[in-house]
Amino acid sequence: MGCKQKFFQKSLTTNHTNQHKPYVRYHLIFLVLLFLFLSSCERPEYSRIDVALGTVCTVTLFDQGKNSIYNDIFNRIREIENLMSIRITASDLSRVNASAGIEPVQVHEETFKVIKRAVYYAELCGGAFDPTVGTLVSLWGFNGGTPRIPSQEEINSVLPLINWRNIELYPETNSVFLTQHNMILDLGAIAKGYAVDEAARITKKAGITRAIIDLGGDIMVLGEKKDKGLWNVGLQNPDDEQGITIGYLKLSESAVVTSGVYERFFIEEGNRYHHIFQPYDGYPVNNGLLSVTIIAENAMDADALSTAAFVLGYEKGRALIESLPSAEAVFIFQDYTIQTTPGVNLVITDKSFN
Ligand code: FAD
Ligand code: MG
């Protein structure tokens, strides 16, 4: 029973015995009004955890996060999921995939915006990031199937379908056309970041200046800590369980997104096969990197860049990040060495990494 009810219950009992009838009635009316007022002004809720986008989403609104704001944020995340999930047959994305090689499909403005951004990054990194990898992702069983190693023939049969240049965009009608039959568009590497940005937008619009938004490891920290210090954002140990960190990044308001071998994978004959693919040969990336973390102003760009830099590998990945005005990167290698771009403030606590 909540404290309000107890208070409500207690005062009813004490007043019930020693008061004249009319006074008790006024007292009761006052208490009912007080109770209704208190329950309407929403108790503060400091954090909310829920499952969406196939992952655990945690939103922490400091300074009086209200139920209604959490509801707005999680409703928004679900709206995005309903538009951009490859697993929902009625989603915009699934409708585009179902019409591959047939006709263009009109989608919602924001779906078009995310697909357009995905094509921009595919072009920027020469196709290392390529949202048409959907056939590969399902061939390897990472889109809800049973993960397995496909035969070389199977891989060869889908490689011609992986080419971002076969995505045609028609801005005047927000329509998208996949020109080859059986092409599959997959926004797994960018749409989660977009959902983080939308959650941050709603948070700011509600006037909340300090918050942490974590959608399955795609993170945005808003404002600064109560003591005006920098946020400490833990860096996942790519070779350990979720939540075990190798250290932490010290930063002010930023998006922090990591792509790595540990999110979705299976081990077969001692080899790890994960869900981030080299579009040119159809195999999971194997270039000496365990993870790439990107720090940027917005999470959608950080999300795409983390996958792009991971697929490109250290040299080209670092060159890509350093060619951009406001992005930083942390590269963690299989030999546990770490390289960062100059603007990164990283404190390593696990001394097996250096
Ligand atoms: P990232 O590196 O950010 O992305 C890896 C994902 O990108 C891969 O899973 C694949 O989808 C794709 N990809 C692989 N290689 C490349 C490449 N070279 N270029 C571009 N893209 C590539 N998961 C569930 O289990 N159930 C769900 O119902 C579900 N629904 C989702 C709905 C939405 C809208 C989104 C965005 C994701 C959903 N997911 C779901 C999670 C999704 O399946 C991916 O696993 C997740 O987005 C990967 O994010 P990441 O940060 O782990 O890895
Ligand atoms: Mg990502």
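Please read these numbers as outputs of a predicted model, since none were measured by experiment. All residue numbers here refer to positions counted from 1 along the written sequence of the relevant chain. Chain letters and ligand numbers both follow the written order, the letters beginning at A and the numbers at 1. Confidence filtering applies because this is a predicted model: local features only for residues at pLDDT of at least 70, side-chain atom pairs given and counted only at 80 or more, and all residues used for totals across whole chains, interfaces and linings. The side-chain figures draw on all heavy atoms in the structure; neither hydrogens nor water molecules are used.

S.K.: How should the site of ligand 1 be read in this particular structure?
M.R.: Taken together, 28 residues sit near ligand 1, with Asp186, Gly188, Ser259, His275 and Thr307 positioned nearest. Here a polar contact means two N or O atoms within 3.5 Å. Within protein one must be a hydrogen donor candidate and the other an acceptor candidate, and residues neighboring in sequence count only if both atoms are side-chain atoms. Here an oxygen atom of ligand 1 sits 3.4 Å away from a polar atom, N or O, in the side chain of glutamate 263. Between a nitrogen atom of ligand 1 and a main-chain N or O atom of phenylalanine 277, the distance comes to 2.9 Å. The accessible surface values rely on the Shrake-Rupley method and a 1.4 Å probe; as for residues, cover is taken only from the protein chains in view. Contact with the protein chains removes 92% of the 940 Å² of surface that ligand 1 exposes when unbound. Mapped by element, the contributors of at least two residues to the shell around ligand 1 are helix H3 (67-84), helix H8 (191-205) and helix H9 (299-312). Any residue with a heavy atom lying within 4 Å of a molecule or strand is counted as near it. For helices the rule is a DSSP run of H or I covering at least 4 residues; for strands it is a run of E covering at least 2, with both sets numbered from the N terminus onward.

S.K.: Can you walk me through the layout of surface pockets in this structure?
M.R.: Only protein atoms enter the 1 Å grid used here, on which a cavity is any set of points holding a 1.4 Å probe that cannot leave and a pocket is any open set flanked by protein within 12 Å on both sides along at least five of seven lines; residues with an atom within 4 Å of a point are listed as lining. Grid points are joined across faces, edges and corners, and a volume is the space filled by probe spheres set on the points. Roughly 260 Å³ of internal volume is contained in the second largest pocket. Taken together, 13 residues form the lining of the second largest pocket, with Arg272, His274, Val285, Asn286 and Gln334 sitting closest to its centre. Among the elements that make up the lining of the second largest pocket, the one with the highest residue count is strand E12 (residues 271-274) (4 residues). Three classes are used, and their members are as follows: Ala, Val, Leu, Ile, Met, Phe, Trp, Tyr, Cys and Pro are nonpolar, Asp, Glu, Lys and Arg are charged, and the others, Gly among them, are polar. In terms of residue class, the lining of the second largest pocket is built from 7 nonpolar, 5 polar and 1 charged.

S.K.: Explanation requested: the pairing of E12 in the structure shown.
M.R.: It is a general feature of regular strands that their side chains alternate between the two faces of the sheet. Examined bridge by bridge, strand E11 (residues 265-268) and E12 share 4 bridges and lie antiparallel to one another. Across the sheet, phenylalanine 265 pairs through a bridge with histidine 274, a residue of E12. Hairpin geometry of E11 and E12 is characterised by an intervening segment of 2 residues between the two adjacent antiparallel strands and by a positive phi of about 50 degrees at glutamate 269. A pair of strands counts as paired when DSSP detects no fewer than two bridges linking them.

S.K.: Honestly, the environment of tyrosine 280 in this entry has me stumped. Any pointers?
M.R.: Along the chain, tyrosine 280 turns up in the loop between E12 and strand E13 (289-296). Each residue is assigned to one of three classes by its accessible area relative to the maximum for its type, calculated with a 1.4 Å probe on protein chains only: buried under 20%, partly exposed between the two thresholds, exposed over 50%. Residue tyrosine 280 is classed as exposed on the basis of its relative accessible area, which comes to 62%. The spacing of tyrosine 280 and alanine 128 is 152 residues in sequence and 8.0 Å in space, taken between C-alpha atoms.

S.K.: Looking at this structure, I do not really get the sheet that holds strand E16 (residues 346-348). What am I missing?
M.R.: Hydrogen bonds between backbone atoms are what pair the strands of a sheet, whose relative direction is either parallel or antiparallel. Taking strand neighbours across the sheet as the criterion, the 3 strands line up as E8-E9-E16 in an open arrangement whose pairing is antiparallel. Of all the strands in the sheet, just strand E8 (231-236) and E16 have a single pairing partner and so form its edges. With strand direction ignored, the average angle separating the axes of adjacent strands in the sheet is 30 degrees. In terms of strand pairing, E8 meets strand E9 (residues 245-251) through 6 bridges, oriented antiparallel. The axes are straight lines fitted to the C-alpha atoms, using for helices just the contacting stretch, and the angles between their N-to-C directions are given from 0 to 180°.

S.K.: Explanation requested: the sheet that holds E13 in the structure shown.
M.R.: Taken in spatial order, the 8 strands line up as E1-E2-E6-E7-E10-E13-E14-E15 in an open sheet, and their pairing is antiparallel. Looking at which strands have only one partner, the edges of the open sheet turn out to be strand E1 (48-52) and strand E15 (338-340). Averaged over all neighbouring strand pairs, the angle between strand axes comes to 15 degrees, with direction disregarded. As judged from the 5 bridges shared by strand E2 (residues 55-61) and strand E6 (residues 211-215), these two strands associate in the antiparallel manner. Counterpart to cysteine 57 in the pairing with E6 is leucine 215. Throughout, a residue-residue contact means that at least one pair of heavy atoms, one from each residue, lies within 4.5 Å. Helix-sheet contacts for H3 involve E1, E2 and E6, and the interaxial angle to E1 is about 15 degrees.

S.K.: Would you explain the packing of helix H5 (residues 109-124) against H9 in this entry?
M.R.: The angle between the axes and the distance between the axes are what describe a pair of packed helices. H9 packs onto H5 with a crossing angle of 40 degrees between their chain directions and a minimal axis gap of 11 Å. Considered as vectors, H5 and H9 are oriented oblique to each other. The interaxial crossing formed by H5 with H9 has right-handed handedness. In this structure, H5 contributes Lys113, Val114, Arg117 and Tyr121 to the contact, and H9 contributes Met300, Asp301, Ala304 and Leu305. Looking at the contact of H5 with H9, its residues break down into 5 nonpolar, no polar and 3 charged. Every angle not falling under 35 degrees, over 145, or within 65 to 115 is termed oblique; those three ranges are roughly parallel, roughly antiparallel and roughly perpendicular. Helix crossings get a hand from a simple test, with the near helix turned counterclockwise from the far one by less than a right angle marking a left-handed crossing and a clockwise turn marking a right-handed one.

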